[in-house]
Amino acid sequence: MRLLLVEDDAMIGEAMLDALRDEHYAVDWVRDGAMADTALRNESYDLVLLDLGLPKRDGLDVLRSLRARHSSVPVLVATARDAVGDRIAGLDAGADDYVVKPFDTEELLARIRALIRRSAGRAEPVFSHKGVTLNPATREAAVNGEPVSLSAREWAVLEPMIARPGVVFSRAQLEEKLYGWKDEISSNAVEVYVHGLRKKLGSDWIQTVRGLGYVIPRE
Ligand code: CA
């Protein structure tokens, strides 16, 4: 899962970045509204964490133009304590949820999981498909009830696919889930992680669609 973090405060931003990366999210961090707008126009994200008070361009303005482009990416707004007006304005401008600063990291992570779940059209907190279960909250995976240990990057490749069985993901789409902007991409990285996943989950669990990418078959 790839997240855009929009936060101009260096200390808060670094703390959030650490917490999100610990949860194995790929995170791009931008520190002003203009860069946020550019990132949102050029990259695809599974969720946006948006501070409202930003240099160059106000967070609400970034959010309004995002929604004016009919983007449905989930947006979690971060506002200052007691700024009720900001929270209302954020929700009215198209935010899906908000957290009040200073927020509890565990609560933030739970809200992120809930929003990603809802945006994928799921109510249940655990992915389960053809004998494989993934629990994003506990980071536990199992095959037919037996725990398996997945690396952070195997998890990053598997999670978007198990969320949408039957949908073909291109290598480029899966690479996007793996890395933030500053990370290096080795050209065969996705193949390596798919290979590792097949060993752990079953050789035909992820299928190659020649010339297109990878799919977890619906049946
Ligand atoms: Ca700010």
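Residues numbered from 1 in each chain as written. Predicted model: local features only at pLDDT ≥ 70, side-chain atom pairs only at ≥ 80, totals over all residues. Heavy atoms only, no water.

Draft legend 1. The arrangement of the pattern of salt bridges in detail. The final tally for this structure, using the stated rule, is 17 salt bridges. A salt bridge links aspartate 61 to arginine 57; the nearest nitrogen and oxygen atoms lie 2.7 Å apart. For glutamate 159, the salt bridge goes to arginine 139, with nearest N and O atoms at 3.9 Å. Here glutamate 159 is found in helix H6 (residues 152-163), whereas its partner arginine 139 is found in the loop between strand E7 (132-135) and strand E8 (140-143), with 20 residues between them in sequence. (Salt bridge = Lys/Arg side-chain N within 4 Å of Asp/Glu carboxyl O. Helix = DSSP H or I, 4+ residues; strand = E, 2+ residues; numbered from the N terminus.)

Draft legend 2. Local environment of the sheet that holds strand E6 (residues 127-129). Pairing is antiparallel in the open sheet, where 4 strands are placed in the order E6-E7-E8-E9. The two strands at the open ends of the sheet, each matched to only one other strand, are E6 and strand E9 (146-148). Sheet twist, expressed as the average angle between the axes of neighbouring strands with direction ignored, equals 20 degrees. Pairing of E6 with E7, which is carried by 3 bridges, proceeds in the antiparallel orientation. Looking at the pairing, phenylalanine 127 lines up with leucine 134 of E7. Its contacts with the sheet put H6 on E6, E7 and E8, and the angle it makes with E7 is roughly 110 degrees. (Pairing = 2+ DSSP bridges. Axes fitted to C-alpha atoms, helices over the stretch in contact; angles between N-to-C directions. Contact = heavy atoms within 4.5 Å.)

Draft legend 3. A look at unusual backbone geometry. For the bond from lysine 101 to proline 102, the omega torsion is -5 degrees, close enough to zero to count as cis. Within the secondary structure layout, proline 102 lies in the loop between strand E5 (97-101) and helix H5 (105-119). Non-glycine residue lysine 56 carries a positive phi angle of around 75 degrees. Even without being a glycine, histidine 70 presents a positive backbone phi close to 65 degrees. Its location among the elements puts histidine 70 in the loop between helix H3 (59-68) and strand E4 (75-80).

Draft legend 4. Summary view of the packing of aromatic side chains. Applying the stated rule across the entire model yields 0 aromatic pairs. Over the ring of tryptophan 29 we find arginine 31, and its NZ or CZ is 3.9 Å from the ring centre. (Phe/Tyr/Trp six-rings, centres within 6.5 Å; stacked < 30°, edge-to-face > 60°. Lys NZ or Arg CZ within 6 Å of the ring centre and 35° of its normal.)

Draft legend 5. Focus on the coordination of the calcium ion. Looking at the metal site, the calcium ion is ligated by Asp8 (OD), Asp51 (OD) and Gly53 (O), spaced 2.2 to 2.3 Å from it. All donors to the calcium ion come from one chain, and their sequence spacing reads D-x42-D-x1-G. A relative accessible area of 6% places aspartate 51 in the buried class. A residue is classified by how much of its surface remains accessible, and glycine 53, at 49% relative accessible area, is partly exposed. (Donors = N, O, S within 2.8 Å, 3.2 Å for Na, K, Ca; no water. Buried < 20%, exposed > 50% of the residue type's maximum accessible area, 1.4 Å probe, protein only.)

Draft legend 6. Representation of the layout of surface pockets. Taken as a whole, the largest pocket encloses approximately 440 Å³ of empty space. As for the largest pocket, its lining consists of 24 residues, of which Ser44, Tyr45, Asp46, Val73 and Lys177 are closest to the centre. Across the lining of the largest pocket, the residue classes tally to 12 nonpolar, 5 polar and 7 charged. When we break the lining of the largest pocket down by domain, the ones giving at least three residues each are domain 1 (2-119) and domain 2 (127-215). (1 Å grid on protein atoms, 1.4 Å probe; cavity = no way out; pocket = protein on both sides within 12 Å on 5 of 7 lines; lining within 4 Å. Points joined across faces, edges and corners; volume = space filled by probe spheres on them. Nonpolar A, V, L, I, M, F, W, Y, C, P; charged D, E, K, R; others polar. Domains from an automatic or database assignment.)

Draft legend 7. Inspection of empty space enclosed by the protein at higher detail. One pass over the full model with this rule turns up 1 cavity of 30 Å³ or more. Quantified by volume, the largest cavity comes out at close to 30 Å³. Met1, Glu23, His24, Tyr25, Arg139, Ala152, Trp155, Ala156 and Glu159 together form the lining of the largest cavity. Looking at the lining of the largest cavity, its residues break down into 5 nonpolar, 1 polar and 3 charged. Looking at the lining of the largest cavity, you find at least three residues from each of domain 1 (2-119) and domain 2 (127-215).

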